[in-house]
Amino acid sequence: MNTISKTYIYEITIKKSRFIAVLSPVSNGNETKEKVALLKKEHPKAKHVVHAAVWGEKKDQFSFSDDKEPKYTAGKPVFNILYASELTNCGIFIIRYFGGVLLGRGGLQRAYAEAAKGVLKLIS
């Protein structure tokens, strides 16, 4: 398994909503919660701060959250992408600024997945 030592940021706009994906090292659940709280403080006008994180040599510990998006439309798609990567001890945190256009369940899943894939491409 691979780890990262610095933070990567990728931004995309989909149907007027702004998605800022942050790939950052985290080594446990407390660090993950602290990172979410920090990002919410840094982006007080953001509608959502979704996350997915994995840690441990076998990636056997993890966390993900939709942060009030419809169930399994945000955190789970990001988690699936992160878990499929070769990384551990890191999290993807996606800040969403709502642009006024509803994306629907499928649109949300695709948008969050696209943001997650985009930030992961920055490390290769």
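Since the structure is predicted, the reported quantities are computational estimates derived from the model, not experimental observations.

So, how was this worked out
- Residues numbered from 1 in each chain as written.
- Predicted model: local features only at pLDDT ≥ 70, side-chain atom pairs only at ≥ 80, totals over all residues.
- Heavy atoms only, no water.
- Pairing = 2+ DSSP bridges.
- Helix = DSSP H or I, 4+ residues; strand = E, 2+ residues; numbered from the N terminus.
- Axes fitted to C-alpha atoms, helices over the stretch in contact; angles between N-to-C directions.
- Parallel < 35°, antiparallel > 145°, perpendicular 65-115°, else oblique.
- Left-handed = near helix turned anticlockwise from the far one by under 90°.
- Contact = heavy atoms within 4.5 Å.
- Nonpolar A, V, L, I, M, F, W, Y, C, P; charged D, E, K, R; others polar.
- Buried < 20%, exposed > 50% of the residue type's maximum accessible area, 1.4 Å probe, protein only.
- Salt bridge = Lys/Arg side-chain N within 4 Å of Asp/Glu carboxyl O.
- Phe/Tyr/Trp six-rings, centres within 6.5 Å; stacked < 30°, edge-to-face > 60°.
- Lys NZ or Arg CZ within 6 Å of the ring centre and 35° of its normal.

### Examining the sheet that holds strand β4 (residues 61–65)
Each strand in a sheet pairs with its neighbour through backbone hydrogen bonds, running either in the same direction (parallel) or in the opposite one (antiparallel). Strands sit in the order β1-β2-β5-β3-β4 across an open sheet of 5 strands; the sheet is antiparallel. Single-partner strands in this sheet number two, and they are β1 (8–14) and β4. Neighbour to neighbour, the strand axes of the sheet diverge by 15° on average, direction disregarded. With 7 bridges joining them, strand β3 (residues 48–55) and strand β5 (residues 90–97) adopt antiparallel strand pairing.

### Overview of the packing of helix α2 (residues 75–84) against helix α3 (residues 104–121)
Where α2 contacts α3, the axes come no closer than 8 Å and their chain directions differ by 30°. Between α2 and α3, the angle is such that the two are roughly parallel. Viewed along their axes, α2 and α3 form a crossing whose handedness is right-handed. Every residue of α3 that contacts α2 at P77, V78 and I81 is listed here: Q109, Y112, A113, A116, K117 and L120. Within the contact of α2 with α3, the residues separate by chemical class into 7 nonpolar, 1 polar and 1 charged.

### Section: the environment of E114
Position of E114 relative to the elements: it lies in helix α3. Relative accessible area serves as the criterion here: at 41%, E114 is assigned to the partly exposed category. As for E114 and I81, which are separated by 33 residues in sequence, their C-alpha atoms are 9.6 Å apart. Beyond its immediate stretch of four places on either side in the chain, E114 contacts Y10, I12 and I14.

### Some words on the pairing of β4
Across 5 bridges, β3 lies against β4 in antiparallel orientation. Within β4, the position partnered with W55 by the bridge is Q61. Hairpin remark: β3 followed by β4, antiparallel, with 5 residues in the connecting loop; positive phi at G56, about 100°.

### Quick word on the pattern of salt bridges
Applying the stated rule across the entire model yields 3 salt bridges. The closest approach of N and O atoms between R18 and E11, which form a salt bridge, is 2.6 Å. Take R18: its relative accessible area is 33%, and that puts it in the partly exposed class. The class of E11 is partly exposed, set by a relative accessible area of 42%. One salt bridge connects R96 with E69, and the closest N-O pair in it is separated by 2.8 Å. In this pair, R96 sits in strand β5 while E69 sits in the loop between β4 and α2, placing the two residues 27 residues apart along the sequence. Using a relative accessible area of 3% as the deciding quantity, one classes R96 as buried.

### Quick word on the packing of aromatic side chains
Taken as a whole, this structure holds 4 aromatic pairs when the rule is applied. A cation over an aromatic ring shows up here: K59 above the ring of Y83, its NZ or CZ 5.0 Å from the ring centre.

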